[in-house]
Amino acid sequence: PPDGVSVYAYTDTLSGVAISVSQQPLPESSQGNTSQALADIAKNLNATTKLSGTDTEAYVGTNSKGPQSVVFTKNYLLILIKSQDKISDASWAQYIKTLR
């Protein structure tokens, strides 16, 4: 949008499950304390489980029916991934590592 923040999105497959990845610039107000800003965003998305094995802080939330949301920052981007079904933490961690 001309007056808004650009959000880019694409679809992919992880462990046989369809995922939707969106990214946008990390808000300037969050760049001073990225860790706290990310924790706040994750909490708002009910993504309260911190993933281990990633090269960046990442949080995952799982809906009782299976879909998941993952949120993290990388290279000054805020990245949100939504899955259609549950994916293992190890698969999420490996996928996040592959993103540049």
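Note: the structure precedes this text.
If you're wondering where the values come from, they're calculated on a predicted model, not measured in any experiment.

Regarding the side chain of Ser 69
In this structure, Ser 69 sits in strand 5 (residues 68-74). Not counting residues up to four positions away in its chain, the partners in contact with Ser 69 are Ala 47, Tyr 59, Val 60, Gly 61, Leu 80, Ile 81 and Lys 82.

Topic: the pattern of salt bridges
If you walk through the whole model with that rule in mind, you get 2 salt bridges. Between Glu 57 and Lys 50 there is a salt bridge, with the nearest N and O atoms lying 3.2 Å from each other. One salt bridge connects Lys 74 with Asp 55, and the closest N-O pair in it is separated by 3.2 Å. Taken together, the positions of Lys 74 in strand 5 and Asp 55 in the loop between strand 3 (49-50) and strand 4 (58-62) put the pair 19 residues apart, joining distant regions of the chain. Judged by relative accessible area, which is 48%, Asp 55 ranks as partly exposed.

Things to note about the sheet that holds strand 4
Strand pairing within a sheet occurs via backbone hydrogen bonds; the two strands may be parallel or antiparallel. Taken together, the 6 strands give an open sheet; going across it, the order is 1-2-6-5-4-3, and neighbouring strands pair in antiparallel fashion. The sheet is open, and its two borders are formed by strand 1 (8-14) and strand 3, each paired with just one other strand. In this sheet, strand 5 lies alongside strand 4 in antiparallel orientation, the contact comprising 5 bridges. Across the sheet, residue Gly 61 finds its bridge partner in strand 5, namely Ser 69. Along the sheet, helix 1 (residues 34-44) contacts strand 4, strand 5 and strand 6 (77-83); its crossing angle with strand 5, the most-contacted strand, is approximately 165°.

Thoughts on the nonpolar core
Counting residues in hydrophobic clusters, the biggest one holds 16 residues, and the most contacted among them are Ile 19, Leu 51, Val 70, Phe 72, Ile 81, Trp 92 and Tyr 95. Within the residue set of this core, elements represented by two or more residues are strand 2 (17-25), strand 4, strand 5, strand 6 and helix 2 (89-98). Formed by 7 residues, the second largest nonpolar core is a distinct cluster that contains Leu 26, Leu 38, Ala 42 and Val 71.

A word on unusual backbone geometry
The phi angle at Ser 15 is positive, at roughly 55°, despite the residue not being glycine. Relative to the helices and strands, Ser 15 is located in the loop between strand 1 and strand 2. A positive phi angle, near 60°, is found at Asn 46, a position not held by glycine. Along the polypeptide, Asn 46 turns up in the loop between helix 1 and strand 3. By relative accessible area, Asn 46 is classed as exposed at 60%.

Basis of the calculations
Residues numbered from 1 in each chain as written. Predicted model: local features only at pLDDT ≥ 70, side-chain atom pairs only at ≥ 80, totals over all residues. Heavy atoms only, no water. Helix = DSSP H or I, 4+ residues; strand = E, 2+ residues; numbered from the N terminus. Contact = heavy atoms within 4.5 Å. Salt bridge = Lys/Arg side-chain N within 4 Å of Asp/Glu carboxyl O. Buried < 20%, exposed > 50% of the residue type's maximum accessible area, 1.4 Å probe, protein only. Pairing = 2+ DSSP bridges. Axes fitted to C-alpha atoms, helices over the stretch in contact; angles between N-to-C directions. Core = buried A, V, L, I, M, F, W, Y, C linked by side-chain atoms within 4.5 Å.

Structural measurements only, silent on function.
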